[in-house]
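# Topology and contacts: notes
This is what each chain is made of:
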Amino acid sequence: MSSIPAEIPYPQEPKQPLLLLVDVSGSMTPRISRLVSGLRLLKEEILKDDIARRRVEVAIMAFGGSNDENGVRLVQDFVPVEKLDVDYVSGLLIPGGLTPMGHALLKAVEAVERRKQQYKEQGINYYRPWIWLITDGYPTDIFTPTDQLLILPGNHIIVVDDEVKKMIQEQPLYQNMSNPTAYTYKDAGTVPVYLSDEVINRLRQRPMADVAKYCSNDLYNTVVSRLKTGIDNKKFILWPVIVGKPGELDLVLGFMVLRDCIMSRVDPTRPPVWLEDTEQRWSAMFQWLSTSIKLTSTSRPGETQKLPDISGWAQIKVV
């Protein structure tokens, strides 16, 4: 981990802190290379602007592994973007394990508050920090359903009760065993299920499960309280992005949990967006991020900036 220098470079310039909070749980394994390419693009684009390169500071925090605070690590503390060593960082983004997103969000808030205090101590002005969350699933430390859930195509999630179990058990053997058509969820894990179209259509007539009611432990309450307080008091901005390919049913559950359990409680004006997992969309997201962070970092403190449209890389609904 890089240590924070005693004196922050370019102290005459106001700082724009950007903390990238990235999921490195096991399911992110095939996406890490696109994430690293995006970090390179982010650095290259910001360095093209003589003002932004002296003002934007980047930190990278990764979460994945154990389902507690030990699964969160600051792989790069805040540094001027010109000093961001992407090769060094990429070697520390090792995927595996669960998704302790709740602990990660708390540590991200602590990191930006700590950096703001260092700015104050050195008499440096700063813009509101950005926390850019990238994940591909559900927070396994704050989403604790007591029921088994069934994730169906078409963004439909139901509770597996006795009647649903009977419907599944009574169906004829589904032939296409290479392609799961649904997933059950329980105890922080999903299991593929092979259902016929007929059974899926019948199950989709059942009411949607209320995923928000399963986010209720002490950690969840602490996360929501701290995020809401910080956002309401304009201490930072949280940008939630969930990444995945069309039809990935884990992605559907993650999107709903992020939307209904977290963002609807802390900042309803900024719901999560879906990033389709392609090189083109990853590149477009980091291009948007670099353009937008340059805009804010070169504005006058307190000035409201109109950011570019996100439609080139983001969608507000998972398909």
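Structure first, text after, so check above.
Residues numbered from 1 in each chain as written. Predicted model: local features only at pLDDT ≥ 70, side-chain atom pairs only at ≥ 80, totals over all residues. Heavy atoms only, no water.

### Brief notes about the overall build of the protein chain
Looking only at helices and strands, the protein chain has 9 helices and 11 strands in total. Taking 319 residues into account, the globule formula puts the C-alpha radius of gyration at 20 Å, and the protein chain, at 21 Å, falls close to it. For the protein chain, the C-alpha atoms occupy an extent of roughly 70 × 40 × 35 Å along the three principal directions. Taking all 319 residues of the protein chain together, the buried fraction comes to 51%. As presented, the protein chain carries roughly 14100 Å² of accessible surface, and 48% of it is formed by carbon and sulfur atoms. (Helix = DSSP H or I, 4+ residues; strand = E, 2+ residues; numbered from the N terminus. Rg over C-alpha atoms; globule rule 2.2 N^0.38 Å. Buried < 20%, exposed > 50% of the residue type's maximum accessible area, 1.4 Å probe, protein only. Areas by Shrake-Rupley, 256 points an atom, 1.4 Å probe, with all protein chains shown as cover.)

### Points about the pattern of salt bridges
Close approach of charged atoms allows side chains with opposite charge to pair. Per the counting criterion, the structure on display carries 16 salt bridges. Arg53 is the salt-bridge partner of Glu82, the closest N and O atoms lying 3.0 Å from each other. Placement of Glu82 in the loop between β3 (72-80) and α3 (86-90) and of Arg53 in helix α2 (residues 52-55) is noted, with a sequence separation of 29 residues between them. On the accessibility criterion, Glu82 (24% relative accessible area) is partly exposed. For Arg53, a relative accessible area of 26% gives the class partly exposed. The partner of Arg259 in a salt bridge is Asp260, with the nearest N and O atoms 2.7 Å apart. A relative accessible area of 33% places Arg259 in the partly exposed class. Each of Arg31, Arg34, Asp136, Glu248 and Asp277 takes part in a single network of salt bridges with overlapping partners. (Salt bridge = Lys/Arg side-chain N within 4 Å of Asp/Glu carboxyl O.)

### Quick notes on the sheet that holds strand β10 (residues 273-276)
Taken together, the 7 strands give an open sheet; going across it, the order is β3-β2-β1-β4-β9-β10-β11, and neighbouring strands pair in mixed fashion. Looking at strand neighbours, the two that pair on one side only are β3 and β11 (314-315), the edges of this open sheet. Bridge count for strand β1 (residues 16-23) against strand β2 (residues 56-63) is 8 bridges, and the pairing is parallel. In the sheet register, Leu21 faces β2, and the bridge partner there is Met61. On top of the sheet, helix α1 (residues 32-47) reaches β1, β2 and β4 (130-135); it is set at about 170 degrees to β1, its chief contact. Docked against the sheet, helix α9 (residues 279-297) engages β1, β2, β4, β9 (237-244), β10 and β11, running at close to 175 degrees with respect to β4. (Pairing = 2+ DSSP bridges. Contact = heavy atoms within 4.5 Å. Axes fitted to C-alpha atoms, helices over the stretch in contact; angles between N-to-C directions.)

### Re the state of the cysteines
A complete count under the given rule lists 1 disulfide for this structure. Between the sulfur atoms of Cys215 and its disulfide partner Cys261 the distance amounts to 2.2 Å. Residues Cys215 and Cys261 share a disulfide whose torsion about the S-S bond is about 80 degrees; that sign makes it right-handed. A residue pair is termed long-range when its members are at least 10 positions apart, and Cys215 in the loop between α6 (197-203) and α7 (218-232) and Cys261 in helix α8 (residues 249-266) qualify at 46 residues. Across this residue pair, the class does not change: Cys215 and Cys261 are buried. (Disulfide = S-S within 2.5 Å.)

### A few points about the side chain of Ser290
Considering the arrangement of structural elements, one finds Ser290 in helix α9. We classify Ser290 as buried; its relative accessible area is 0%. Engagement of the side chain of Ser290 in a polar contact is seen with the backbone oxygen of Gln287, the distance being 2.8 Å. When sequence neighbours within four positions are dropped, the list of residues in contact with Ser290 reads Leu42, Glu45 and Ile46. (Polar contact = N/O pair within 3.5 Å; in protein donor to acceptor, adjacent residues only side chain to side chain.)

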